[in-house]
Amino acid sequence: MLLWLPLFSFVLIVIIVKVYLQLTSGICRSNAHMVGKVVIITGGSSGIGLETAKNLAERGAKVIIACRSVRRAAKAIEEIIKQTGNTNVHHRQLDLSSLKSVREFCSNIYKTEKRLDVLINNAAAGGLGSGKTEDGLHKGMQVNYFGPFLLTCLLVPLLKSSAPSRIINVSSSMHKYGEMDFDNLNMERYWSDHLVYANSKLFLNLMTLELSRRLRGINVTANSLHPGVTATTVYKNIKNSIIREIVNTLVNFLNKDLWQASQTSVYLAVSPEVANISGRYFSDCREKQPSLLSQDLELAKRLWIESENLVDYKLPIE
């Protein structure tokens with residue numbers, strides 16, 4: 001009988017967490033329309049990004065899905081149009097593991113778009129291993145942070161000319177397990193899949209903090225968020241099938257549904273309540289306190305400079 005007690009306790013804790021997550025899930029209650037607005041969502045072909053794209057398209061926005069797979073994007077666009085009736089939904093190919101692709105994507109945006117009202121850095125991946133990209137950066141760190149960093153910097157001039165505009169970085173509560181080691185930004189001294197994901201989300205929070213400082217006074221806001229525990233494809237690259245299945249089983253049970261998980265992204269994109277708020281961290285459509293590291297202005301400044309050096313681009317705004 002005693003052997004069953006640990007298992008019973010674990011199951012009870014999981015159920016309590018499940019109930020808590022459902023009861024505290026925030027919902028965007030703003031009915032603000034997005035007619036005439038242009039939105040870019042990275043990773044908008046599936047998961048939270050797709051649900052966010054549906055919501056903003058339903059509000060009348062021109063939605064540009066930025067992702068690598070043409071096939072998945074085409075399927076997503078068809079689904080969005082069918083559900084919302086908004087045909088102004090498009091795909092632009094973007095591979096965040098290639099800085100060249102990021103630059104080509106942004107060049108194309110400047111050729112085709114006169115404005116950009118909302119940029120949502122939603123795409124993320126876990127379990128990408130220790131390999132490097134063609135740019136010499138750790139693949140997981142580039143996909144989750146360095147790629148979005150360069151993308152954001154390159155699009156700031158368009159966001160600035162379209163002001164008021166908003167930058168939204170989808171972080172995670174996992175950022176609290178990240179660490180700030182400037183000798184290991186590229187995960188060359190030591191790494192783990194867990195640390196890569198946690199660090200990339202911590203870096204996104206610090207990027208948000210420094211962006212808010214650099215963009216102060218020009219009516220471009222930057223905020224980050226934790227979408228909540230949800231079933232996404234972020235862990236699909238974990239090689240160990242047993243670990244992957246255990247993670248997926250727990251996450252699938254403890255998740256919000258994707259619509260619930262998209263609500264904070266939508267809230268930050270449309271709500272008048274946050275029109276003048278910048279440099280903050282949100283969850284469940286409410287401002288929350290991130291880790292102490294995420295609030296360190298000096299760390300944010302230093303990380304920004306190091307990031308500019310690693311992606312070879314300097315944002316011309318101080």
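Residues numbered from 1 in each chain as written. Predicted model: local features only at pLDDT ≥ 70, side-chain atom pairs only at ≥ 80, totals over all residues. Heavy atoms only, no water.

**Q** Can you explain the sheet that holds strand β1 (residues 38-42)? Please cite residues and give values.
**A** Within a sheet, neighbouring strands are paired by backbone hydrogen bonds and run either parallel or antiparallel to one another. In spatial order, the strands read β3-β2-β1-β4-β5-β6-β7-β8; together these eight strands make up an open sheet with mixed pairing. In this open sheet, the two edge strands, each paired with only one partner strand, are β3 (89-93) and β8 (286-288). Each strand of the sheet is rotated relative to its neighbour by a mean of 25°, with strand direction disregarded. Taken together, the four bridges between strand β4 (residues 118-121) and strand β5 (residues 165-170) define a ladder with parallel strand orientation. Looking across to β5, one finds that N121 is bridged to N169. (Pairing = 2+ DSSP bridges. Helix = DSSP H or I, 4+ residues; strand = E, 2+ residues; numbered from the N terminus. Axes fitted to C-alpha atoms, helices over the stretch in contact; angles between N-to-C directions.)

**Q** Please provide a residue-by-residue account of the pairing of strand β2 (residues 62-67), values included.
**A** For β2, a buried count of six out of six residues is recorded, marking the element as mostly surrounded by other parts of the structure. Alternating residues of β2 divide into K62, I64 and A66 and V63, I65 and C67, and every residue in both groups is buried. Where β1 meets β2, five bridges bridge the pair, whose relative direction is parallel. Note that in β2 the partner of V38 across the bridge is K62. Read from β1 through helix α2 (residues 47-58) to β2, the crossover connection turns out right-handed. Note that β2 and β3 share five bridges and pair parallel. Bridging from a neighbouring strand, V63 pairs with V89 of β3. Each parallel crossover has a hand, and the one from β2 via helix α3 (residues 70-84) to β3 is right-handed. (Buried < 20%, exposed > 50% of the residue type's maximum accessible area, 1.4 Å probe, protein only. Right-handed = clockwise from strand over helix to strand, strands pointing away.)

**Q** Help me get a handle on unusual backbone geometry, residues and values and all.
**A** Glycine aside, residues mostly have negative phi, and peptide bonds are mostly found in the trans state. In this structure, the amide linkage connecting A163 to the following residue, P164, adopts the cis form with an omega of 5°. Mapped onto the secondary structure, P164 falls in the loop between α5 (139-161) and β5. In this model, N219 sits at a positive phi of 65°, which is unusual for a non-glycine residue. Within the secondary structure, N219 is located in the loop between α6 (193-214) and β6 (220-226). Classification of N219 by relative accessible area gives partly exposed; the value is 37%.

**Q** I'd like a description of the packing of aromatic side chains, backed by residues and values.
**A** Scanning the model with the defined rule gives five aromatic pairs in all. Considering the side-chain rings of Y145 and F149, the 5.9 Å spacing of their centres and the 40° angle between planes classify their relative orientation as tilted. With Y145 and F149 both in helix α5 and four residues apart, the pair spans about one turn of that helix. Side by side, Y145 and F149 carry an identical accessibility label, which is buried. (Phe/Tyr/Trp six-rings, centres within 6.5 Å; stacked < 30°, edge-to-face > 60°.)

**Q** A description of helix α4 (residues 99-112) should follow, citing residues and the corresponding values.
**A** The terminal C-alpha atoms of α4 lie 20 Å apart, and with 14 residues this matches the ideal 20 Å at 1.5 Å per residue to within 8%. Of all the residues in α4, the buried ones are L99, S101, V102, F105, C106 and I109. Viewed end-on, α4 has its buried residues packed into an arc of 155°, placing them on one side of the element. Facing away from the buried side of α4 by over 90 degrees, the exposed positions are K100 and K111. Buried residues along α4 sit against β1, β2, β3, α5 and α9 (297-311). (Expected span 1.5 Å × (residues − 1). Arc of directions from axis to C-beta. Contact = heavy atoms within 4.5 Å.)

**Q** Please give an account of the pattern of salt bridges that cites residues and values.
**A** Taken as a whole and judged by the stated rule, the model has 13 salt bridges. The salt bridge involving K62 is made with E113; its shortest N-O contact spans 2.9 Å. Within this pair, whereas K62 is found in strand β2, its partner E113 is found in the loop between α4 and β4, the two being separated by 51 residues in sequence. With respect to burial, K62 and E113 carry one shared label: buried. Its salt-bridge partner being K301, residue E298 comes within 3.7 Å of it at the nearest N-O pair. One end of the pair is E298 and the other is K301, both in helix α9 and three residues apart, which spans about a single turn. A relative accessible area of 54% places E298 in the exposed class. (Salt bridge = Lys/Arg side-chain N within 4 Å of Asp/Glu carboxyl O.)

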